[in-house]
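A structural walkthrough
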Amino acid sequence: MCARLNVEPTVSLVDDLVRIAVSGLKRLQPVTVAAFIADDGMVFRSYGHYLSDDTGHVHLKTASSIGGTYDGVEPMGLLWSMKPVPGQRKGLRLMKKDVSEPYAVDVYLLDGLVNIDGKDDLHNCEILDRRQMLRFYQSPDVSAVPVKEGHLRGMLFLPPGPGPFPGVIDMFGTAGGLTKHRAALLASRGFAALALAYFGYDDLPLNIELHLEYFRDAADWLHGHPCVQKTGVGAIGVSKGAALAMQMAILNDKVKAVVAINSYCCHCIGIHYYEGRMQPVVNCGVDDLYETNEGVVYERGFRYNEVNDDAIIQMTPHVRGNRWKFWSTVCDAKGNRLPLEVLRR
């Protein structure tokens with residue numbers, strides 16, 4: 001019997017579960033399951049080491065990886081543990097730019113327990129089988145509409161049909177530009193999702209010089225769209241975008257739900273204005289920045305007792321009944337951004 005690699009489904013959205021299994025092996029045969037993504041000039045790879053069971057099968061849903069880019073029972077380990085292939089520039093992120101095109105994920109079944117740094121390593125391996133799966137952010141029936149309304153800039157992703165749909169505004173951090181992949185996925189799941197740019201895109205300022213009315217007006221615009229439900233909209237953001245999502249809810253009572261991921265607890269980085277007045281802001285200096293071995297630049301964060309109360313994001317009475325969800329990666333460098341003292345307010 002020949003070894004066979006099975007991947008189901010082969011075409012899916014990026015948040016769909018994928019079932020990966022191997023059959024036709026000898027009892028307790030050591031194998032490596034590896035995956036590669038090449039996109040926008042970047043190459044990422046992952047792999048896991050496995051021993052087949054007594055029947056010659058490996059089911060990634062139940063089998064434990066004993067080495068590689070992940071270990072233990074991780075059914076989706078091949079996807080979440082992707083790392084840049086060595087030899088590329090530092091600081092690469094697997095972040096889709098053209099959301100209308102899928103990630104093509106090449107999956108290989110290799111004989112033995114082998115360490116994989118790049119595709120060239122495959123030349124020295126016995127490839128038992130291979131498959132490809134396509135992973136989409138934007139479902140083919142989702143429409144993408146450029147937004148250039150007044151001073152607002154972004155991209156509105158709409159599910160098929162007339163709606164109305166629940167509306168959500170999506171923002172990212174200090175990299176600037178327009179990041180569209182999450183809004184495309186939200187629309188693929190039934191939301192009218194506005195990917196909102198706020199600097200470094202189209203004719204927006206190149207630097208973080210923000211007029212907070214911009215975010216208030218974005219909520220009004222999305223709520224007033226004919227394809228959006230009139231029961232309020234949500235906002236989701238990462239890092240700087242998360243702090244702005246909270247500020248959006250404070251300035252506009254049409255924002256009824258906020259998901260803040262690794263949010264700052266205060267107004268920080270850049271210049272903020274509201275109604276013509278400059279707002280108190282905490283800025284980090286060059287001494288507060290450091291670079292990881294992977295080339296990612298982090299700021300060390302702020303100690304709560306060093307932040308002026310005027311710069312803290314204040315939860316006004318009308319938002320206390322809203323739905324809030326805070327995600328904070330407390331095990332890494334971002335963990336001190338959202339101190340419990342602020343949440344208790």
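Our structure is the block above this text.
Our subject in this report is the structure included herewith. Worth saying up front: this structure is predicted, and the values here are computed from it rather than measured.

Cut-offs used in this document
- Numbering of residues starts from 1 in every chain and runs along the sequence as written.
- The model is predicted, so local features are restricted to residues of pLDDT at least 70 and side-chain atom pairs to those at 80 or more, both for listing and for counting; the totals for chains, interfaces and linings are taken over all residues.
- Calculation of side-chain values draws on the structure's entire complement of heavy atoms; hydrogens and water are dropped beforehand.
- Think of it this way: any DSSP run of H or I at least four residues long counts as a helix, any run of E at least two long counts as a strand, and we number them from the N terminus.
- Only heavy atoms enter the contact rule, under which two residues are in contact if any of them lie within 4.5 Å.
- The criterion for strand pairing is that DSSP finds at least two bridges linking the strands in question.
- Here, nonpolar core means buried Ala, Val, Leu, Ile, Met, Phe, Trp, Tyr and Cys residues that are tied together by side-chain atoms lying within 4.5 Å of each other.
- Residue burial is assigned from relative accessible area. The probe radius is 1.4 Å, only protein chains are included, and a residue is buried under 20% of its type maximum, exposed over 50%, and partly exposed in between.
- Two aromatic rings from Phe, Tyr or Trp, using only the six-membered ring of Trp, form a pair when their centres are within 6.5 Å; if the ring planes differ by under 30 degrees the pair is stacked, by over 60 it is edge-to-face, and anything between is tilted.

1. Here's the deal with the environment of Phe 172
The residue Phe 172 is located in the loop between strand E12 (165–171) and helix H2 (181–188) in this model. Once the C-alpha coordinates of Phe 172 and Arg 182 are considered, the two residues, 10 residues apart in sequence, prove to be 9.7 Å apart. Excluding its chain neighbours within four sequence positions, the residues that come into contact with Phe 172 are Thr 179, His 181, Arg 182, Tyr 198, Val 238, Lys 240 and Gly 241.

2. Side note on the sheet that holds strand E9 (residues 127–136)
One open sheet accounts for six strands, arranged E2-E9-E8-E4-E5-E7; its pairing is mixed. Sheet topology places strand E2 (11–13) and strand E7 (83–84) at the edges, where each strand pairs with a single neighbour.

3. With respect to the nonpolar core
Proteins that are soluble and globular tend to have nonpolar side chains buried together. Counting 84 residues, the largest nonpolar core has Val 105, Phe 157, Ile 169, Met 171, Leu 196, Phe 215 and Met 248 as its most contacted members. No other element matches the seven residues that helix H4 (residues 240–251) contributes to this core. Beyond its immediate sequence surroundings of up to four residues, Ile 169 is in contact with Leu 194, Leu 196, Ala 218, Ala 219, Leu 222, Gly 234, Ala 235, Ile 236 and Met 248. Residues Phe 36, Val 85, Tyr 108 and Leu 122 belong to the second largest nonpolar core, which totals nine residues.

4. A closer look at the packing of aromatic side chains
Per the counting criterion, the structure on display carries six aromatic pairs. A centroid spacing of 5.6 Å and a plane angle of 50 degrees characterise the contact between Tyr 198 and Phe 199, whose relative ring orientation is tilted. With respect to class, Tyr 198 is no different from Phe 199; both count as buried. Pairing Tyr 198 with Phe 215 gives two aromatic rings, centres 5.8 Å apart and planes at 65 degrees, and the pair type is edge-to-face. One end of the pair, Tyr 198, is in the loop between strand E13 (192–196) and strand E14 (209–211); the other, Phe 215, is in helix H3 (residues 213–224), with 17 residues separating them in the sequence.

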